[in-house]
Amino acid sequence: MDGVESQIAEWRAYVAKAPAVNGRDVDELEAHLRDQIAELDAAGLIADEAFLVAVKRMGDLDTLSREFAREHSGRLWKQLVLRGEDEPARPSGGWSEALVFALAAAFAIQVARLAAQFPQEQPGWLLRNIGLFVLPFLAGYFARRRQLDTRGWVLTAAPFVLVALVVNLYPYRAGSATELLVALHLPVVLWFAVAYPYMGGTIRSHERRMDFVRFTGEWIIYYVLIALGGGVLLLLTGLILQPIGIDLDRVAEWVLPSGATGAVIVAAWLVESKQHVVENMAPVLTMLFTPLFAVMLTVAAATYAVSGVAGAFDRELLSVFDALLVVVLGLVLYAMSAREPSRPAGLMDRVQLLAVASALVLDVMVLGAMLARIGDLGLTPNRVAALGLNLVLLVNLAGAAWLSSRFLTGRIAFHRLERWQTSYLPIFALWAATVVAVLPPLFAFT
Amino acid sequence: MHIDKDLVAASATPLVLAILAEGESYGYAVLKRVRELSGGELEWTDGMLYPLLHRLRRLGYVTTEWRTPPEGRRRRYYAITDDGRAALAEQQRQWVTVTRALGDVWRGSGGLLTALGEA
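Residues numbered from 1 in each chain as written. Chains lettered and ligands numbered in written order. Predicted model: local features only at pLDDT ≥ 70, side-chain atom pairs only at ≥ 80, totals over all residues.

Draft legend 1. Structural detail: the overall build of chain B. Within chain B, the regular secondary structure consists of four helices and three strands. Helices and strands in chain B line up, N terminus first, as α-β-α-α-β-β-α. The C-alpha atoms of chain B give a radius of gyration of 18 Å, which is well past the 14 Å a tight globule of 119 residues would have. Along the first, second and third principal axes, the C-alpha set of chain B runs to 65 × 25 × 20 Å. With 119 residues in all, chain B has 26% of them scored as buried. For chain B, long-range pairs separated by at least 24 residues make up 52% of all intrachain contacts whose partners lie at least 6 apart in sequence. (Helix = DSSP H or I, 4+ residues; strand = E, 2+ residues; numbered from the N terminus. Rg over C-alpha atoms; globule rule 2.2 N^0.38 Å. Buried ≥ 20, exposed ≤ 12 C-beta atoms within 10 Å, placed from the backbone. Contact = placed C-beta atoms within 7 Å.)

Structural data, given as structure tokens:
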């Protein structure tokens, strides 16, 4: 039986190498293998034969690990790039490809900058189009990486062309509020347009949507890290070059736009090929900030409830609350993407629910006061945009809180929470697109 | 008889849920039960059962627990939940409809086939 034991150990080690199969799964598969061997033994096969038959019945290990990967893409996410079934492994991680796209984006933004004579001049068209100089390259990078067919490329390009037309054909008045709103919302619309090539065209798949949410979260982490490093580098360069008469502003003028756009692609490439570097970042960030936000929000909600909200509300407040809800949503999504879906509800889930609920209470109070004020002040593009975003976020978080409380009481599986978020994604895209395409004509491009 | 791969895949979920509805069980025993029920006609690749079971767990249709029975080795046991029973009932409705439709049409054409055979 000794020979079989070592064969089983070898088999086990081989199975354990599959990234989407974790230790408990290997235990489970091994128990199965041993049951099978025992039964074949009892039927009179010699040990070696029993092992071979049992292994054969278990099936081809590559197919099996792919099947595991399909089910546990969250696990896989932490360890390697999710490849298409037939896409060959790329040992280099495709860095040269990423570099080409990053350089192209850096070049494009530089051309645009020179054409606009930024920063001496700050024409509206540069502001409006800024996303269009960067994100098409990201989309192109993913379209190439996912090896989309012609139809896929056309569908990837379509939203960009459409948006470019809308943004450039509308007759904005110089320095108008709608122009600024478009500049703020366009990158969001385009980011969702990147989702199409990112998911390889399978935008209906909720699993792939969740992957895109993860990608977005990790991309933000990487981008912030690169930005910090880049800032330090730039500052030091400026300080070193100052004695020989080169001005920091002049250096920044050239380096900053190209660096910032190139980093968009580089961060995406890092997420794609080096997930394991930050695999622990999302859980750590969530663990750290969820309780802090819970405390801050609960205290704020209690204070507002006691002191009343009717007092001094200025116009900025709604935007502040929009930002707050975006951050809370970010926390919820980070926590979700870092979570093993089958784990039962824990303390962190309760703390998170508390944070979300407090944010909701706060927001409802502010929203009520704001709606009353808008009756007096009238609607402006800014107020509509802020109010709409607030409602979109409010509904999302209210739904998340409701489902989360049902999950905590054990009435539904965690999977339902994920479903809610992944089903809600198109609404964010739709709202951003509305602000870009519908709001300006509605307010006569003021 | 070789059963089409797609058909095997489509019947896997209701079959596993139905077996777990008989009582909690573990992977190897579920597979044995499948063989038993189909008289060995439904051939599954053993390993493929596990991703399926894990999917059912993610959907909240089953719960799992590691246990070591008095005689035997440590295994992961799967038990069906209320959600799982609801999903099973829904699957049952669909399959009954499909099999009834097939049964009806085959009874009709069965007459024709016999007639052809006699001719």
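Draft legend 2. Geometry of the interface of chain A and chain B. Contact residues are listed per partner, giving 22 residues for chain A and 19 residues for chain B. Sort the elements by how many residues they give to the side of chain A that touches chain B and helix α2 (residues 23–42) of chain A lands first, with eight residues.

Draft legend 3. Focus on the environment of D149 of chain A. Position of D149 of chain A relative to the elements: it lies in the loop between α7 (124–145) and α8 (150–169). Remark: the alpha-carbon pair of D149 of chain A and V53 of chain A, spanning 96 residues in sequence, is separated by 42 Å.

Draft legend 4. Region of the structure containing the nonpolar core. Counting residues in each nonpolar core, the largest one holds 78 residues, and the members touching the most others are L138, V194, I265, V328 and A359 of chain A. In terms of domain composition, this core takes at least three residues from each of domain 2 (93–276) and domain 3 (280–412) of chain A. Leave out the neighbours within four places in its chain, and L138 of chain A touches V194, V264, I265 and A268 of chain A. Residues M58 of chain A together with Y28, Y61 and V62 of chain B belong to the second largest nonpolar core, which totals 33 residues. (Core = buried A, V, L, I, M, F, W, Y, C linked by C-beta atoms within 7 Å. Domains from an automatic or database assignment.)

Draft legend 5. How the structure looks around the domain arrangement of chain A. Residues and elements named next belong to chain A. With domains assigned, chain A is organised as domain 1 (2–71), domain 2 (93–276) and domain 3 (280–412). One C-alpha centre belongs to domain 2, the other to domain 3, and the line joining them spans 28 Å. Counting residues at the interface gives seven residues for domain 2 and nine residues for domain 3. Among the elements of the structure, α9 (177–198) and α10 (206–241) are those that each provide at least two residues to the side of domain 2 that touches domain 3. Counting residues per element, the side of domain 2 that touches domain 3 draws most heavily on α10, which supplies four residues. Across the side of domain 2 that touches domain 3, the residue classes break down as four nonpolar, two polar and one charged. (Nonpolar A, V, L, I, M, F, W, Y, C, P; charged D, E, K, R; others polar.)

Draft legend 6. Representation of the packing of α10 of chain A against helix α17 (residues 415–437) of chain A. All names here are of chain A. Look at α10 against α17: their axes get within 9 Å of each other, and the N-to-C directions meet at 80°. Judged by the angle between their axes, α10 and α17 are roughly perpendicular. Contacts between α10 and α17 involve H206, R209, M210 and V213 from the first element and E418, R419, Q421, T422 and L425 from the second. Each residue belonging to the contact of α10 with α17 can be placed in one class, and the counts come to three nonpolar, three polar and three charged. (Axes fitted to C-alpha atoms, helices over the stretch in contact; angles between N-to-C directions. Parallel < 35°, antiparallel > 145°, perpendicular 65-115°, else oblique.)

Draft legend 7. Summary view of helix α2 (residues 27–37) of chain B. Every buried residue belonging to α2 of chain B is among G27, Y28, L31 and V34 of chain B, and all of these are buried. Along the axis of α2 of chain B, the buried positions cluster into a sector of 120°, meaning they face one direction only. Where α2 of chain B is buried, its residues contact α2 of chain A together with α1 (5–21), β1 (25–26) and α3 (49–58) of chain B. Positive backbone phi, approximately 60°, marks G39 of chain B, located one or two places after α2 of chain B. (Arc of directions from axis to C-beta.)

Draft legend 8. Structural view of the UniProt feature "domain: Transcription regulator PadR N-terminal" (unreviewed entry) in chain B. The residues that UniProt annotates with the feature "domain: Transcription regulator PadR N-terminal" (unreviewed entry) are residues 16–90 of chain B. As annotated, residues 16–90 of chain B comprises 48% helix and 19% strand, and the C-alpha atoms at either end are separated by 14 Å. (UniProt positions renumbered as here; feature names shortened; annotations may be inferred.)

Draft legend 9. Summary view of α8 of chain A. Residues and elements named next belong to chain A. An ideal rise of 1.5 Å per residue puts 28 Å on 20 residues; α8 measures up with 28 Å between its terminal C-alpha atoms. At A157, α8 shows its maximal kink, close to 25°; a proline, P159, follows between one and four residues later. Taken together, the buried positions of α8 are occupied by T156, V163 and V167. On its buried side, α8 packs onto α7, α9 and α17. (Expected span 1.5 Å × (residues − 1). Bend = angle between axes of the 7 residues up to and from the residue.)

Draft legend 10. How the structure looks around the sheet that holds strand β3 (residues 75–80) of chain B. Residue and element names in this part refer to chain B. Strand order in the open sheet formed by three strands is β1-β3-β2, with antiparallel pairing between adjacent strands. Only two strands of the sheet have a single partner each, and these edge strands are β1 and β2 (62–67). Here two bridges tie β1 to β3, and the two strands are oriented antiparallel to one another. Note on β3: the bridge partner recorded for Y26 is Y77. Of the strands in this sheet, β1, β2 and β3 are in contact with α1, which crosses β3 at around 90°. (Pairing = 2+ DSSP bridges.)

Draft legend 11. Seen up close, the pairing of β3 of chain B. Where β2 of chain B and β3 of chain B come together, six bridges link them in antiparallel fashion. Across the sheet, V62 of chain B pairs through a bridge with I80 of chain B, a residue of β3 of chain B.

Draft legend 12. Spotlight on the environment of L439 of chain A. Structurally, L439 of chain A can be placed in helix α18 (residues 439–442). Dropping the residues within four chain positions of it, L439 of chain A is found in contact with T178, L181, P381, V384, A385 and T434 of chain A.

Draft legend 13. A look at the confidence of the model for chain B. All names here are of chain B. On average, chain B scores 85 in pLDDT, and the residues at 70 or more come to 91%. Averaged over each element, pLDDT in chain B is lowest for helix α4 (residues 82–118) (80) and highest for β3 (92). What the predictor reports for the complex is a pTM of 0.71 with an ipTM of 0.81. (pLDDT = per-residue confidence, 0-100.)

Draft legend 14. Quick look at the environment of E65 of chain B. All names here are of chain B. Within the secondary structure, E65 sits in strand β2. In this structure E65 comes out as exposed when scored by C-beta crowding, with 10 C-beta atoms within 10 Å. Counting along the chain gives 11 residues from E65 to H54, while the straight-line C-alpha distance between them is 12 Å.

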